[in-house]
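Here is what each chain is made of, one letter per residue.
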Amino acid sequence: MLKDAAEKKMDLILCASVSRFARNVSDCIEQVRQLKTANPSHPVGVYFETENIYTLDPDCGQMLSIHAMLADWESANKSRRMILSYDQRICTGQYPVSDLLGYRHTAEGGLVIVEDEAVTVRFIFLAYLMGYSLGGIAEILTEKGRKTLTGRTDWNGDMVRNIMSNERRWGDLEARKTIVIDYVKGKSIRNTEIRDSAFVPNHHEGIVSREIAAAAKMVSASGRSLGSGVPEAAVIGAGALKGFVSINPIFRGVNRAVLEGLSRSVYSEEEYARLEKEAEIINGEAHSNILSKDFTGYYVPSSAFFIGKDTPTLTLTQKQIKFNKKCHEKLDGCTYIEMLYHPMLQAVMIRPCGEGDGNAVRWENGRGRIREEISAHAFCGAVYDMMDWMPEYGFRFRGITRERGSRKAMVFFLDEPQILVGGKIPEKADALQGGIPSRYIPYRNRDIGRAETGMSYAVRRRRDSMADALTEKDISEKGIIMDNPLIGRIPTREEVRDELDELLMSM
C-alpha cells in the first residue's frame, strides 16, 4: 500500500482507528510522514474515522501523536494480558492446540488423526529411515501432488524437516516452545525456561511411534554422509569374533553403554567374567601366571615403533576415523567396508562388504580413491571414554591383515597406539621417573605419573593369537540384529521397505 501510494496510485487512505494503522508511536508517525513526503507533488493523507483525524490537516500533528501513544499503550497491555492468559492456561492444563498436517484439533483441546494426511507424514519418516534425502522426499511428494495443510503441492527439504521435528507427530505435546520478546518487532526466541511451559508425553495418538521418531532424529544428527538410513545394531554371536559389534561409525546413535551392552549380550555370565579377566591381563591391569611360561617378565617394543610409510594404519581422533591408502590396497581396493569393534578386547576389525549390507560404509569416493577421513563423533567419543584417552591427542594403530580362503580382514589393536601430539604437550602429561622427566608421554588419564617400557611378550603373543585364530567362516560371520537401546524396537529394513511401497501405491 505504501509503495502504491508513492507511485500515485491513490489519494487517500481510510482507516478505522489509529490502533489499526500502527501499534507503536514511532511507526505511526514515520509512516504518516512518509506518505506525506514520499512524493511531494502528490501527498497521500490518512483519515482515521474513530479519532476524526486527517493527516494532511496542518493542525493534526499533536492529536495524532497522543492517539498513537495510546495505541502503543493498548498494544503493550494486550501483550501482557496474552502472556498472563497463556500462563494461566498452561497451569490449568488447557494447552493450546491447532491444526497441522495429519491432525485436526477438537473443541476439548485434543488432536485427531486425518488419515489421508497421515499417509504423507508416515511416508516422510519411513523414507528418511531408508536413507532418502530431504530433497528426494520433497520431490516425490511434489510429483505425487500431496497437499500441505494450506493446500500447497510444491514441497522442499525444509518443509519435510519441519514435519519430522514436530513432537506432535509421535503423540507428545510441548506447549510454548517459543516466546515473543518484542511485540513491536515480532521477535521470537526459544523458550529456555524464561516463561512457563509444559511437556505432555502421550497427549494424543501418534502418527508414527516414538522409536521411529528417535531413529529419524539420530539419522538427521549423523549428517548427509550416513546415506543408507538407520544402521543396524548387530553383534557377532559365535566364533573368533564373538562379541564384536558391527557399527556404522558415522551414526550418532551409539555411546559407550550401547557398545558394551551389545557386546555383552552374546556371552553367558561365566564367559563374560573370564573375558573381563583376560581383558584386564591384556590391558596390563592384572597379572597372570598361566598366559605363558616362556619369556616370562620379558617385554617387547610397542608395535607403534614399527609403523612406516608402507604400513596400513588406522588413526582415531575425537571426531574422525582415518584409514591410509595401504589399508585400501591390502583389502584389494574394495568399495565398501564393514567395521566391527570389541569394547572389552579393545580391537577394531574391518572387512569388505556389499553396498546393501546394513552397516556398509563407502570407502571410495566417486573417483575410485580411498575416502580417508570418516566423521565419527559418537563412536570416537565412546572409544576415548572406554580407553581413558586424553582428548588432546590423536592415536594411530598398525593394521594386521589376515587372508582366509577368499576372504580378507584387517585387525587393529588399540592398546599399542602411536600418539599424535599435534602441538604442545599438556602440563598434566609430563611423566616423571624418580623426578627425572621421561620421554614417555602418558596418553591415558590413569597413566599420569608413570611410564611404560613396552608390552609383555606373553601378553603380545596371546593377543596376536586372536587374529591368527580367524577362519574364513569367522570373517564371513554375520551379526545378530539387536535393538539399539538409544532407539528401541523399530521395523526391520524389509518391513519399512514394504510399507513404503504400500504408502506410495495409496498416494
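Provided above is the structure to which this section pertains.
This write-up is about the structure you can find in this document. The written sequence of each chain sets the order in which its residues are numbered from 1. For a predicted model such as this one, the threshold for reporting local features is a pLDDT of at least 70, and the threshold for listing and counting side-chain atom pairs is 80 or more; totals across whole chains, interfaces and linings nevertheless cover every residue. Calculated side-chain values reflect all of the structure's heavy atoms, with hydrogen atoms and water omitted.

1. Brief notes about the overall build of the chain
Counting from the N terminus, the helices are the DSSP runs of H or I reaching at least four residues and the strands are the DSSP runs of E reaching at least two. Secondary structure summary: the chain contains 15 helices and 25 strands in total. Only protein chains enter the area calculation, which uses a 1.4 Å probe; residues under 20% of their type maximum are buried, those over 50% are exposed, and those in between are partly exposed. Counting all 507 residues of the chain, 44% fall into the buried class. We call two residues contacting when some pair of their heavy atoms lies within 4.5 Å. The contacts in the chain between residues at least 6 apart in sequence include a share of 67% that link residues at least 24 apart. Only the protein chains shown count as covering a residue, and every accessible area follows the Shrake-Rupley method with a 1.4 Å probe. Accessible surface computed for the chain: about 26,900 Å², of which carbon and sulfur atoms make up 50%.

2. Remarks on the environment of Lys9
The residue Lys9 is located in the loop between α1 (2-6) and β1 (12-15) in this model. A residue is classified by how much of its surface remains accessible, and Lys9, at 57% relative accessible area, is exposed. Taking C-alpha positions, Lys9 is 9.7 Å from Val44, a pair spaced 35 residues apart along the chain.

3. A short note on the sheet that holds β1
Between any two strands, at least two bridges found by DSSP are needed for them to pair. Read from one edge to the other, the open sheet built from 3 strands follows the order β1-β2-β3, with strand pairing classed as mixed. Of all the strands in the sheet, the pair left with one neighbour each is β1 and β3 (53-54). Pairing analysis gives 2 bridges linking strand β2 (residues 45-48) to β3, with the strands arranged antiparallel. The residue of β3 that forms the bridge with Phe48 is Ile53.

4. Description of the pattern of salt bridges
By convention in these notes, a salt bridge is any Lys or Arg side-chain nitrogen within 4 Å of a carboxyl oxygen on Asp or Glu. Scanning the model with the defined rule gives 23 salt bridges in all. A salt bridge links Glu269 to Arg264; the shortest N-O distance between them is 3.7 Å. If you follow the salt bridges from partner to partner, you end up with Lys3, Asp4, Glu7 and Lys9 in one network.

5. Describing the nonpolar core
As used here, the term nonpolar core means buried Ala, Val, Leu, Ile, Met, Phe, Trp, Tyr and Cys residues forming a set that is joined through side-chain atoms within 4.5 Å. Ile321, Phe323, Phe379 and Trp389 are the most contacted members of the largest nonpolar core, which has 108 residues in total. Residue contacts for Phe379: discarding those within four places in its chain leaves Ile247, Pro249, Val254, Leu259, Ile321, Met339 and Tyr341. With 18 residues, the next largest nonpolar core counts Ala5, Val44, Val46 and Leu64 among its residues.

6. Quick word on the pairing of strand β20 (residues 407-413)
Across the 7 residues of β20, 6 count as buried, placing the element largely inside the fold. Two strands pair when backbone bridges link them, and strand β16 (residues 347-352) and β20 are joined in this way by 4 bridges, in the antiparallel orientation. If you follow Val348 over to β20, its bridge partner there is Phe412. Hairpin remark: strand β19 (residues 394-404) followed by β20, antiparallel, with 2 residues in the connecting loop; positive phi at Gly405, about 65°.

7. Focus on the packing of helix α5 (residues 115-129) against helix α15 (residues 493-506)
Every angle, taken between N-to-C directions, lies between 0 and 180 degrees, and every axis is a line fitted to C-alpha atoms, over only the stretch in contact when it is a helix. Look at α5 against α15: their axes get within 10 Å of each other, and the N-to-C directions meet at 145°. The handedness of the crossing between α5 and α15 comes out as left-handed. Where α5 abuts α15, its residues Val119, Arg122, Phe123, Leu126, Ala127 and Leu129 lie against Arg493, Val496, Glu499, Leu500, Leu503, Leu504 and Ser506. Class assignment for the residues of the contact of α5 with α15 results in 9 nonpolar, 1 polar and 3 charged. The hand of a helix crossing depends on one turn: near helix anticlockwise from the far one by less than a right angle means left-handed, and clockwise means right-handed. Charged residues are taken to be Asp, Glu, Lys and Arg, nonpolar residues to be Ala, Val, Leu, Ile, Met, Phe, Trp, Tyr, Cys and Pro, and polar residues to be all remaining types, Gly included.

8. Quick notes on the packing of α5 against helix α7 (residues 157-164)
Relative orientation of the contacting elements α5 and α7 amounts to 95°, with a least axis distance of 10 Å. With respect to α7, the element α5 is oriented roughly perpendicular. Here Val121, Ile124, Phe125 and Tyr128 of α5 lie close against α7, whose contacting residues are Val160, Ile163 and Met164. An angle below 35 degrees is read as roughly parallel, one above 145 as roughly antiparallel, one from 65 to 115 as roughly perpendicular, and any other as oblique.

9. Regarding the side chain of Glu117
Mapping Glu117 onto the fold places it in helix α5. Residue class for Glu117 comes out buried when judged on its relative accessible area of 13%. The residues contacting Glu117, other than those within four sequence positions of it, are Leu100, Leu101, Gly102, Tyr103 and Arg104.

10. Thoughts on the environment of Ala214
Checked against the element boundaries, Ala214 lands in helix α8 (residues 210-222). On a C-alpha basis, the gap between Ala214 and Ile490 in space is 9.8 Å, while along the polypeptide they are 276 residues apart.

11. Examining α5
Spanning 15 residues, α5 covers 21 Å between terminal C-alpha atoms, matching the ideal 21 Å at 1.5 Å per step. Listed as buried for α5 are Glu117, Ala118, Val119, Thr120, Val121, Phe123, Ile124, Phe125, Leu126, Ala127, Tyr128 and Leu129. Looking at the buried positions of α5, the neighbouring elements they touch are β4 (103-105), β5 (111-113), α6 (134-144), α7, α8 and α15. Within two residues after α5, Gly131 carries a phi angle of roughly 100°, on the positive side. By definition here, a helix of n residues has an expected span of 1.5 Å times n minus one.

12. Thoughts on the packing of aromatic side chains
Two aromatic rings from Phe, Tyr or Trp, using only the six-membered ring of Trp, form a pair when their centres are within 6.5 Å; if the ring planes differ by under 30 degrees the pair is stacked, by over 60 it is edge-to-face, and anything between is tilted. Inspection of every chain in the model, using the stated rule, returns 11 aromatic pairs. Ring centres of Phe21 and Phe48 lie 5.6 Å apart, and the angle between their planes is 80°; on these two criteria the pair is classed as edge-to-face. Taken as a pair, Phe21 in helix α2 (residues 18-21) and Phe48 in strand β2 lie far apart in primary sequence, 27 residues in all. For Phe48, a relative accessible area of 0% gives the class buried. Ring centres of Phe323 and Phe412 lie 6.1 Å apart, and the angle between their planes is 50°; on these two criteria the pair is classed as tilted. Here Phe323, found in strand β14 (residues 320-323), pairs with Phe412, found in strand β20; they are 89 residues apart in sequence, far enough to count as distant. Residue classification places Phe323 among the buried residues on the basis of a relative accessible area of 0%.

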